[in-house]
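Structural description and commentary
If you want the building blocks of each chain, they are given just below.
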Amino acid sequence: MPGTRTTGLLALGGIAMAAVLTVIGHLEVNDDLNPWALTISDFAVSDRGGAIDVAMVVLAFATVALLSGLRHTGPPRRNVGRTAELLLGAWVAGLLAAAVVPTNEPGTAMTTTAYVHRYASVVAFLALPVAGWLLARRPDLTTAARPLRALVLLSLALAAAMIWSAYPGDRMLIGLAERLLIVTEVAVLATVAITQTRAATATTAPTTATAAAAAAAAADHGVVVPHKRGLTA
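Residues numbered from 1 in each chain as written. Predicted model: local features only at pLDDT ≥ 70, side-chain atom pairs only at ≥ 80, totals over all residues. Heavy atoms only, no water.

Some words on the environment of Leu-87
Going by this rule: Strands are runs of DSSP state E lasting at least 2 residues, helices are runs of H or I lasting at least 4, and numbering of each runs from the N terminus. In what follows, a contact means two residues having at least one pair of non-hydrogen atoms within 4.5 Å.
Within the secondary structure layout, Leu-87 lies in helix α4 (residues 79-100). Placed 42 residues apart in sequence, Leu-87 and Pro-129 show a C-alpha to C-alpha distance of 9.0 Å. In this structure Leu-87 touches Ala-127, Val-130, Ala-131 and Leu-134, once residues within four positions along its chain are discounted.

Printed below as a string of structure tokens:
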């Protein structure tokens with residue numbers, strides 16, 4: 001379906017733009033910030049309204065485009081489908097909340113807004129893997145089921161590593177764990193978008209071929225009127 005292909009391409013474009021903006025956001029901040037020891041939110045709060053905050057908003061809208069395509073394709077929306085959509089919605093809401101509500105500056109006491117930011121991020125990080133696992137059960141995403149499940153399991157392992165680092169691990173390499181987690185979870189979205197785009201292209205191609213074959217058959221069976229002698233002017 002052309003519409004599904006469009007939403008898939010929009011999602012992929014948004015994911016690519018968010019990745020570029022995130023890299024720019026890391027390059028623009030103070031050189032004293034350590035990406036292995038500090039989270040992306042720590043970088044974002046040092047440049048409020050900068051590239052990283054914009055990247056989170058772009059990624060949220062890329063997910064909305066992907067969700068729109070999923071709602072118009074595949075099987076009827078049974079309980080599993082609705083749950084996956086709600087979880088993707090929670091991921092979007094968490095991203096937007098984290099972009100709008102900043103965390104605290106590194107080394108300062110946690111504030112109310114910092115707690116809102118933290119738990120919005122937690123909701124987003126946990127919602128997306130579960131949504132990815134449920135999406136792997138959709139018939140229209142069968143070809144992507146194995147990589148989706150592998151990415152989900154990896155993201156859950158990285159989430160556990162990040163939780164360990166945040167509490168008993170004294171934030172050891174928390175920045176590295178978070179960045180690997182984000183890359184893995186965004187890969188879940190990209191896998192769905194790529195599969196959606198390919199499926200739409202594969203559906204369009206046979207339709208075009210069938211139409212061409214029908215036209216050729218009609219030409220082969222066309223009526224030929226014989227030329228009779230004596231009827232010429």
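So, unusual backbone geometry
Rules: Relative accessibility decides the category of a residue: with a 1.4 Å probe and only protein chains considered, values under 20% of the type maximum give buried, values over 50% give exposed, and everything between is partly exposed.
Here Asp-170, not a glycine, exhibits a phi torsion of approximately 55°, which is positive. Among the secondary structure elements, Asp-170 is positioned in the loop between α6 (145-166) and α7 (174-220). You can call Asp-170 exposed: its relative accessible area is 69%. The phi dihedral of Leu-173 falls on the positive side, at around 55°, and the residue is not glycine. Judged by its relative accessible area of 46%, Leu-173 falls in the partly exposed class.

What to know about the side chain of Asp-42
Quick reminder of the rule: The term polar contact refers here to a pair of N or O atoms within 3.5 Å; inside protein, the definition further demands a hydrogen-donor-capable atom paired with an acceptor-capable atom, and it admits residues adjacent in sequence only when both atoms are side-chain atoms.
Here Asp-42 lies in helix α2 (residues 40-45). By relative accessible area, Asp-42 is classed as buried at 7%. Among the polar contacts listed, one links the side chain of Asp-42 to the backbone nitrogen of Thr-39, at a separation of 3.0 Å. Each residue touching Asp-42, except ones within four places of it in the same chain, is listed here: Leu-33, Thr-103, Asn-104, Pro-106 and Arg-171.

Remarks on empty space enclosed by the protein
Note the threshold: In this analysis the probe radius is 1.4 Å and the grid spacing 1 Å, with only protein atoms considered; a cavity is a set of points the probe fits into but cannot get out of, a pocket is an open set with protein on both sides within 12 Å along at least five of seven lines, and lining residues have an atom within 4 Å of a point. Grid points are joined across faces, edges and corners, and a volume is the space filled by probe spheres set on the points. Residue classes follow a fixed rule: Ala, Val, Leu, Ile, Met, Phe, Trp, Tyr, Cys and Pro count as nonpolar, while Asp, Glu, Lys and Arg count as charged, and any other residue, Gly among them, counts as polar.
Counted according to the given criterion, the structure contains one cavity of 30 Å³ or more. Counted as a void, the largest cavity has a volume near 40 Å³. Lining the largest cavity are Leu-67, Leu-70, Gly-81, Ala-84, Glu-85, Leu-135 and Arg-138. The element that contributes the greatest number of residues to the lining of the largest cavity is α4, accounting for three residues. Of the residues that constitute the lining of the largest cavity, the class distribution is four nonpolar, one polar and two charged.

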